[in-house]
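# Structural description and commentary
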Amino acid sequence: MVTCYLKLEPRDRSRGKYLIKVKNRVKDAVQGLPRLGLERAAADEVLRDLDRIQQFLRASGNLPSTQGLAVFACEGIELFETVPLPVVHRSRLAINGSALVRELASVEEEFGRLLTVVLDRTSARFFEVTAYDTQELVGLRANSTRGKRFHGDQDGSGGWGEHTYNNRIREEKQRHYEAIARELFAIDRRQPAQGIVLAGTGAEAAVEPFLHPYLAERLIGTARLNPKEATLASVHAATLAVREGYERASERALVHEMLEGIGTGWGINGLRPTLGALARGQVRSLLVHADASEPGFRCGDSGRMALTPRECRGEGEPIPVLDVVDDAIEEALRQGVDVNVVYEPEAREAIESLGALLRFR
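These lines cover the structure that appears in this document, whether it is placed above or below. (Residues numbered from 1 in each chain as written. Predicted model: local features only at pLDDT ≥ 70, side-chain atom pairs only at ≥ 80, totals over all residues. Heavy atoms only, no water.)

The number of helices and strands found in the protein is 10 helices and 17 strands. Since a compact globule built from 361 residues should have a radius of gyration of about 21 Å, the 26 Å found for the protein marks it as more spread out than a globular shape. Seen through its C-alpha atoms, the protein measures out along the principal axes to roughly 95 × 50 × 35 Å. Partitioning the contacts of the protein with sequence separation of at least 6, the portion at a separation of at least 24 is 68%. As displayed, the protein has an accessible area near 18,300 Å², and 50% of this comes from carbon and sulfur atoms. Distance from the positive charge centre (48 side chains) to the negative charge centre (52 side chains) of the protein: 3 Å. (Helix = DSSP H or I, 4+ residues; strand = E, 2+ residues; numbered from the N terminus. Rg over C-alpha atoms; globule rule 2.2 N^0.38 Å. Contact = heavy atoms within 4.5 Å. Areas by Shrake-Rupley, 256 points an atom, 1.4 Å probe, with all protein chains shown as cover. Lys, Arg positive; Asp, Glu negative; His and termini not counted. Charge placed at Lys NZ, Arg CZ, Asp CG, Glu CD.)

The next point concerns the packing of helix H2 (residues 17–32) against helix H3 (residues 40–58). As a packed pair, H2 and H3 sit with axes 11 Å apart at the nearest point and diverge in direction by 175 degrees. Our classification of the angle between H2 and H3 gives roughly antiparallel. Listed contacts from H3 to Tyr18, Leu19, Val22, Lys23, Val26, Ala29 and Val30 of H2 are Leu47, Leu50, Gln54, Leu57 and Arg58. Class assignment of the residues belonging to the contact of H2 with H3 gives a composition of 9 nonpolar, 1 polar and 2 charged. (Axes fitted to C-alpha atoms, helices over the stretch in contact; angles between N-to-C directions. Parallel < 35°, antiparallel > 145°, perpendicular 65-115°, else oblique. Nonpolar A, V, L, I, M, F, W, Y, C, P; charged D, E, K, R; others polar.)

Turning our attention to the nonpolar core. Leu275, Val283, Leu286, Val288, Val341 and Leu354 are the most contacted members of the largest nonpolar core, which has 26 residues in total. At 6 residues, helix H9 (residues 324–335) tops the list of elements feeding residues into this core. Apart from residues no more than four positions distant in its own chain, Leu275 is found in contact with Met305, Leu307, Val324, Ala328 and Leu354. Membership of the second largest hydrophobic core comes to 23 residues, among which are Cys4, Leu6, Val22 and Ala73. (Core = buried A, V, L, I, M, F, W, Y, C linked by side-chain atoms within 4.5 Å. Buried < 20%, exposed > 50% of the residue type's maximum accessible area, 1.4 Å probe, protein only.)

This part is about the pattern of salt bridges. According to the stated counting rule, one finds 27 salt bridges in the structure shown. Between Glu330 and Arg102 there is a salt bridge; the shortest N-O distance is 3.6 Å. Here Arg102 lies in helix H4 (residues 102–111) and Glu330 lies in helix H9, a separation of 228 residues in the sequence. Overall, Glu330 belongs to the buried group, its relative accessible area being 7%. Its salt-bridge partner being Arg298, residue Asp327 comes within 3.6 Å of it at the nearest N-O pair. Here Asp327 is found in helix H9, whereas its partner Arg298 is found in strand S13 (residues 296–299), with 29 residues between them in sequence. Asp327 sits in the buried class, given a relative accessible area of 14%. When salt bridges with common partners are traced through the structure, they connect Lys7, Glu9, Arg11, Glu244, Arg248 and Glu251 into a single cluster. (Salt bridge = Lys/Arg side-chain N within 4 Å of Asp/Glu carboxyl O.)

The backbone of Glu78 shows a phi angle near 55 degrees, a positive value even though the residue is not glycine. By relative accessible area, Glu78 is classed as exposed at 73%. Look at Ser353: it is not a glycine, yet its phi comes out positive at around 70 degrees.

As a further point, take the state of the cysteines. With the rule as written, the count across this model stands at 1 disulfide. A disulfide-free cysteine, Cys4 has its sulfur positioned 15 Å from the sulfur of Cys74, the nearest such atom. (Disulfide = S-S within 2.5 Å.)

Bridge count for strand S2 (residues 68–74) against strand S3 (residues 79–85) is 7 bridges, and the pairing is antiparallel. Note that in S3 the partner of Val71 across the bridge is Thr82. A loop of 4 residues connects S2 with S3, the two strands running antiparallel in sequence, and Glu78 in this loop sits at a positive phi of about 55 degrees. (Pairing = 2+ DSSP bridges.)

What follows concerns the sheet that holds strand S12 (residues 283–289). Sheet architecture is open: 4 strands sit in the order S11-S17-S12-S16, paired in mixed fashion. Pairing within the sheet leaves two strands with one partner each, and these edge strands are strand S11 (267–269) and strand S16 (338–342). Averaged over all adjacent pairs, the angle separating strand axes in this sheet is 15 degrees, with direction ignored. Here S11 runs beside strand S17 (residues 354–358); their pairing, made up of 3 bridges, is antiparallel.

The next point concerns the layout of surface pockets. Estimated volume of the largest pocket: approximately 790 Å³. Those elements giving two or more residues to the lining of the largest pocket turn out to be H4, helix H7 (232–262), H9 and S16. Counting residues per element, the lining of the largest pocket draws most heavily on H7, which supplies 8 residues. Of the residues in the lining of the largest pocket, the class split is 15 nonpolar, 8 polar and 13 charged. Forming the walls of the second largest pocket are 17 residues, and the residues nearest its centre are Lys21, Ser91, Ala290, Asp291 and Tyr343. Top contributing element to the lining of the second largest pocket by residue count: H2, with 6 residues. Among the residues making up the lining of the second largest pocket, the classes are represented as 4 nonpolar, 3 polar and 10 charged. (1 Å grid on protein atoms, 1.4 Å probe; cavity = no way out; pocket = protein on both sides within 12 Å on 5 of 7 lines; lining within 4 Å. Points joined across faces, edges and corners; volume = space filled by probe spheres on them.)

Right under this line is the structure:
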């Protein structure tokens, strides 16, 4: 079975960069195929499956509008299935006895449920955003006197009339923002959200001071959207973009925590120690260098991943794998570990292929 996960973010689509990634992955897979010890007929089927995947991806019309795609191919059972995904950890290609579906299964749970409010000074629209869908909830409209412009005294002196008018406008805004915060809190109490996004044409940031602290700590960012023009698709895209930016910031914090934790025993850096920690169930958060790749082995009896056959001594026959980094991601997903593929350049370069934060020492 050939499993392919492909990132299709805007930077991946630019000038067909995703195709370069696919070509490189296929090239590595073809070169590493003899290590897997497959029978000639099975190896030929895998080669044809790899070619089918490449041919499919070369046609831009076959690509979904989402930021990720999973492809499963197996000529022996006449399988060629594609699944659009909102997010993908990283582009990877695997040849295995069965389909690698753990990332597919974990997407919705990992993405969670986000609440996005799109507002201006007189209205607010609330949306529930999940990995695959966006639903609009009941909105709010402020009681406003915005349509009545203040006209100063006939002698042009302004005075208390203008002062009262401006105070009224300010109070209306505050009541509106307070109402938005209360509604967000009520929605969240009915079903807690993993994150909050504020969007608008300039007034969105003004809501933050009114949020309950319980919600403020889950605010992941803001976006530019006009509530009068926002569609379900545009809200979903904007929310994903905010989440992506939040993830990049989180990556830097996690890498810093890992480096700080090395001295105290709560963090590790490097392929061999991280693979060992995964085998012992120690890993709380797995950190992956986005471009890391290394062939290796899986010990036949223990299932532990290793870099050399010698490391599997006493743990069964070493089974070659094309990329232990990809297999580490799959193992982490199996254990329910938080997986973080790091793309932010400075943070990424601090990771020696794999690193981790530990749940116990």
